[in-house]
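# An overview of the molecular structure
Residues per chain, in single letters:
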Amino acid sequence: MIKHLQELLEKAVSCLQRDGVFPKDINPVINFERTRSKEHGDFATNLALTLAKPIGKNPREIAQLIADKLIESMHVEKVEIAGPGFLNFFLTNNCRRQVVKQVLKLGNKYGNNDFGSHKKITVEFVSANPTGPLHVGHGRGAAYGASLSNILEKSGYEVQREYYVNDNGRQMDILATSVWLRYIELCGVPVAFPDNGYQGNYIVEIARFVRKKYGDKFLFTQSEVYENVPEDEKHGGDKEKHIDGLVHNAKHLLGKDNYQKVFKIALNTILSGIKADLESFNVNYDSWFSEKQLHESDTIDRAIAKLKEKNYLYEKDGAIWFMSTHFGDDLDRVVVRENGQKTYFASDIAYLLNKFERGFEGALYVFGADHHGYIARLKAAAKGMDINPEDIEIVLTQFANLVKGGKKVQMSSRSGKFVTLKELIDDVGVDAARFFYVMRSHDQHMDFDLDLAKSQTNENPVFYIQYAHARICSVYKKLEEQALQHNQEIGNASLNLLTHEKEEDLMRSISSYPEILITAARTRSPHTLANYLREVAQNYHSFYDQCHIVNITDENLRNARMNLSLATKSIIADGLSLLGASAPESMFAEDRDTK
RNA sequence: GCGCUCGUAGCUCAGUAGGAUAGAGCGACCGCCUCCUAAGCGGUAGGUCAGGGGUUCGAUUCCCUUCGAGCGCGCCA
């Protein structure tokens with residue numbers, strides 16, 4: 001439709017240029033927007049305002065000139081000039097109603113668009129270290145990344161969803177050592193658990209599993225465990241040195257093979273827990289990418305070689321540095337440490353290179369706001385390797401506070417006192433959790449109100465939207481019960497009977513679905529869709545209140561209204577599924593359980 | 001100290017690739033079930049878009065500045 005209107009305007013403008021009214025050298029960009037209120041018609045363009053300057057005429061005057069040259073269209077009822085010089089286009093009622101037919105025909109393909117023009121992109125999100133279960137802080141990234149991926153896919157991108165598993169490095173050694181220490185404890189040898197070890201209860205569970213499988217095979221005496229280990233912080237020492245000493249002894253005492261056994265059990269247990277949590281949260285990945293893979297292949301070396309080739313590396317204090325300040329970062333970054341080990345940043349560079357070597361044309365990273373310092377160095381690394389920094393995009397999600405009883409829920413991940421994602425899902429349900437995380441803009445701090453998410457009342461937007469869907473199902477059932485079989489063809493042929501104000505509002509609302517999706521995709525903002533669904537639901541409830549379907553005698557009108565209802569249902573179901581929430585057929589708990 | 005993100009109604013938040021009278025929900029107040037699910041609908045009240053400057057036909061939106069909030073500034077991962 002917008003295309004059609006643009007063509008009309010283009011013709012009018014070129015006509016005016018030919019007549020010498022407008023200068024020949026202007027090449028206007030024609031923007032059409034859906035109007036905010038219906039008094040302004042269906043679509044509006046600010047063309048005359050943007051032309052005011054180059055032409056040197058009053059915008060309203062220009063608008064009039066253009067309006068006079070517009071040729072008739074079967075879809076346009078009238079064109080008005082309003083405000084400072086907007087051209088408002090009013091569509092014919094017939095044209096507006098076609099959307100019902102179209103939605104019913106296309107089903108969940110309605111709204112598909114080509115905004116992404118088949119660009120192959122990888123969307124990486126969550127990527128939490130596998131050192132413990134996901135907590136509510138990861139939930140926002142998960143819900144956002146998954147919803148955004150769905151929206152981008154619907155908008156014509158080829159999307160690959162990826163989780164980067166940090167299965168390498170010191171933190172993982174600390175994890176394995178923590179498990180081993182708990183294991184020793186379980187065997188009856190008392191150990192003072194290190195301040196910097198992983199405290200959570202899940203570590204003990206994993207240790208129990210290790211003991212069950214291997215018995216006392218990995219047991220050593222207290223003096224062996226603590227041999228040459230510096231004092232812990234609680235005894236006036238350095239907790240970092242203390243834990244490193246323990247890690248060293250763990251590797252030495254267990255030997256490579258046995259250490260790997262403990263390591264792998266710890267990693268696999270936690271990782272499969274993370275996978276299970278995400279799956280139950282309706283978050284699905286196409287790929288779980290192992291950091292270790294970068295080390296075992298030659299990718300890191302090649303990435304470093306690439307930077308070296310261009311003279312972006314230098315040596316200082318025995319370490320190798322990347323000149324990231326040259327590309328706008330605050331500090332230069334170490335790539336290889338004095339002791340010869342590669343830094344985490346080196347893996348990042350290699351991972352970035354790897355993404356483009358795998359043929360992706362764009363890499364989208366979803367980071368928590370605490371990682372914003374990574375943007376500059378990642379873009380710097382891209383420039384250093386001749387990857388267009390425009391092709392990497394980093395989106396930050398702000399933190400979400402949990403609010404319960406009007407108070408913030410305090411959390412600290414260090415002590416292991418946090419609300420896990422699983423607990424949240426068990427508490428409020430997947431639908432509410434998924435929806436609440438994305439109903440606010442990702443770059444806005446948000447309060448996640450647990451009481452509200454749980455409430456099954458009109459205060460809860462998820463239930464409000466789901467209720468609209470359930471209502472439509474209910475009406476449909478009612479029709480069947482009363483043997484008033486719905487006939488879609490009659491409905492389509494009778495769309496001209498949909499003249500009620502509420503019917504028009506609802507049609508207006510459902511016809512903007514494709515544009516909403518494009519906006520959500522363009523601005524990387526799933527919350528745009530969440531808000532839109534609320535609006536659709538509101539228009540439906542309002543329509544439902546005033547336009548009855550079952551208990552009216554006009555068969556044509558009844559079928560037309562049912563078509564409109566089914567079109568609405570289709571959009572709500574599709575929109576909710578993009579956001580990872582379900583569209584139930586009934587809101588009554590007993591019906592939902594038997595589903 | 002430097003940097004990043006933000007500041008919109010009593011509360012939680014939309015809106016801003018410069019555009020028309022800044023919108024919802026909740027809370028408050030007033031109405032609507034002999035009628036398809038009242039988990040619903042209709043209405044009223046509520047604003048210096050944090051403050052100040054600038055850019056222009058036009059700024060809540062862009063720029064500068066002040067104030068306030070959150071986060072980040074390792075040869076950790």
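Attention here is on the structure that accompanies the text. (Residues numbered from 1 in each chain as written. Chains lettered and ligands numbered in written order. Predicted model: local features only at pLDDT ≥ 70, side-chain atom pairs only at ≥ 80, totals over all residues. Heavy atoms only, no water.)

### Examining helix α7 (residues 201-214)
The end-to-end C-alpha separation of α7 is 20 Å, in line with the 20 Å expected for 14 residues at 1.5 Å each. Taken together, the buried positions of α7 are Ile203, Val204, Ile206, Ala207, Val210 and Tyr214. Seen from one end, α7 has its buried residues packed into an arc of 160°, which puts them on one side. Turned more than 90 degrees away from the buried face of α7 sit Asn201, Lys212 and Lys213, all of them exposed. Downstream of α7 by a residue or two, Gly215 has a phi angle that is positive, lying close to 60°. (Helix = DSSP H or I, 4+ residues; strand = E, 2+ residues; numbered from the N terminus. Expected span 1.5 Å × (residues − 1). Buried < 20%, exposed > 50% of the residue type's maximum accessible area, 1.4 Å probe, protein only. Arc of directions from axis to C-beta.)

### Concerning the packing of aromatic side chains
If you walk through the whole model with that rule in mind, you get 26 aromatic pairs. Each member of the aromatic cluster is reached from another via a ring pair, and the members are Phe125, Tyr163, Tyr285 and Trp288. (Phe/Tyr/Trp six-rings, centres within 6.5 Å; stacked < 30°, edge-to-face > 60°.)

### Examining helix α4 (residues 93-106)
With 14 residues, α4 extends 21 Å between its outermost C-alpha atoms, agreeing within 8% with the 20 Å of an ideal straight helix rising 1.5 Å per residue. In this fold, the buried residues of α4 make contact with β4 (86-91), α18 (488-493), α19 (501-511) and α22 (555-578). Immediately downstream of α4, the backbone of Gly107 shows phi near 60°, a positive value. (Contact = heavy atoms within 4.5 Å.)

### Remarks on the environment of Val225
Along the chain, Val225 falls in helix α8 (residues 222-225). Contacts of Val225, omitting those with residues within four sequence positions, involve Trp180, Leu181, Ile184, Phe220, Leu246, Asn249 and Leu253.

### A look at unusual backbone geometry
A positive phi is found at His118, a non-glycine position, where the angle reads about 60°. Tracing the backbone through its elements, the reader meets His118 in the loop between α4 and β5 (120-124).

### A few points about the pairing of β4
Along β4, five of the six residues are buried, which leaves the element largely enclosed by surrounding structure. Where strand β2 (residues 43-45) lies against β4, three bridges are found, and the strand directions are antiparallel. What sits directly across from Phe43, in β4, is Phe89. As paired strands, strand β3 (residues 76-82) and β4 are joined by six bridges and run antiparallel to one another. Bridged to Glu80 within β4 is Asn88. The antiparallel hairpin formed by β3 and β4 contains three residues in its connecting segment, where Gly83 sits at a positive phi of about 55°. (Pairing = 2+ DSSP bridges.)

### Concerning the pattern of salt bridges
Taken as a whole, this structure holds 27 salt bridges when the rule is applied. With a shortest N-O distance of 3.4 Å, Asp216 and Arg211 are connected by a salt bridge. Two residues, Asp426 and Lys422, come together in a salt bridge whose shortest N-O distance is 3.2 Å. Note that Asp426 and Lys422 are positioned in helix α14 (residues 421-428) at a spacing of four residues, about one turn of the helix. Given the relative accessible area of 57%, Asp426 is considered exposed. The structure contains a network of salt bridges with shared partners spanning Arg18, Asp19 and Lys69. (Salt bridge = Lys/Arg side-chain N within 4 Å of Asp/Glu carboxyl O.)

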